[in-house]
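# Working through the structure, step by step
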Amino acid sequence: MDDALALLTAADRIERLAARTTPGDWRTAGLLASRPEVVAHRADGGTEHVAEARAASGAWVTAFSPALAGPLVALLRAAAAQADPDPAAVVLARALLDRLP
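Rules used throughout
- Residues numbered from 1 in each chain as written.
- Predicted model: local features only at pLDDT ≥ 70, side-chain atom pairs only at ≥ 80, totals over all residues.
- Heavy atoms only, no water.
- Helix = DSSP H or I, 4+ residues; strand = E, 2+ residues; numbered from the N terminus.
- Buried < 20%, exposed > 50% of the residue type's maximum accessible area, 1.4 Å probe, protein only.
- Contact = heavy atoms within 4.5 Å.
- Areas by Shrake-Rupley, 256 points an atom, 1.4 Å probe, with all protein chains shown as cover.
- pLDDT = per-residue confidence, 0-100.
- Axes fitted to C-alpha atoms, helices over the stretch in contact; angles between N-to-C directions.
- Parallel < 35°, antiparallel > 145°, perpendicular 65-115°, else oblique.
- Left-handed = near helix turned anticlockwise from the far one by under 90°.
- Nonpolar A, V, L, I, M, F, W, Y, C, P; charged D, E, K, R; others polar.

A separate point is the overall build of the protein. A tally of regular secondary structure across the protein gives 4 helices and 3 strands. Element order for the protein, N to C, with α for helix and β for strand: α-β-β-β-α-α-α. Burial analysis of the protein (101 residues in total) assigns 30% to the buried set. In the protein, 51% of the contacts between residues at least 6 apart in sequence involve partners at least 24 apart. Approximately 6300 Å² of the protein is accessible, and the part contributed by carbon and sulfur atoms is 58%.

Here it is as structure tokens:
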């Protein structure tokens, strides 16, 4: 797979994954038992529990919520549009392709 195709494929997979993930701006809202309570705050003001995770992972999970999908997709597509894509973007895309469904 060439670099541009890797970037575009990773962008497409991120969009598909974000579309089926609990939407919203995920935030840590305290502890649920011994795990952080991760809650998605939707644009309509509603909230929804996202996942239970170990206390050490909560910040990671919330930092990489679906709120990052749009900017990340835009970055990958912009890199793909370049004649010579940034090597760091290509490395990121290939790492994502190894992990994304």
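This next bit is on the confidence of the model for the protein. On average, the protein scores 84 in pLDDT, and the residues at 70 or more come to 86%. Across the protein, the secondary-structure element scoring lowest on mean pLDDT is strand 3 (residues 47-52), at 68, and the one scoring highest is helix 3 (residues 69-80), at 96.

Where helix 1 (residues 3-19) contacts helix 3, the two axes come as close as 8 Å, and the packing angle between them is 165 degrees. It follows from the interaxial angle that helix 1 and helix 3 lie roughly antiparallel. The two elements helix 1 and helix 3 cross, and the hand of that crossing is left-handed. Residues A4, L7, L8, A10, A11, D12, I14, E15 and A18 of helix 1 form the contact with helix 3, whose participating residues are A69, L72, V73, L76, R77, A79 and A80. Per-class residue counts for the contact of helix 1 with helix 3 are 13 nonpolar, no polar and 3 charged.

Attention shifts here to the side chain of T9. Relative to the helices and strands, T9 is located in helix 1. With near-sequence residues (within four places) excluded, T9 lies in contact with M1 and L97.

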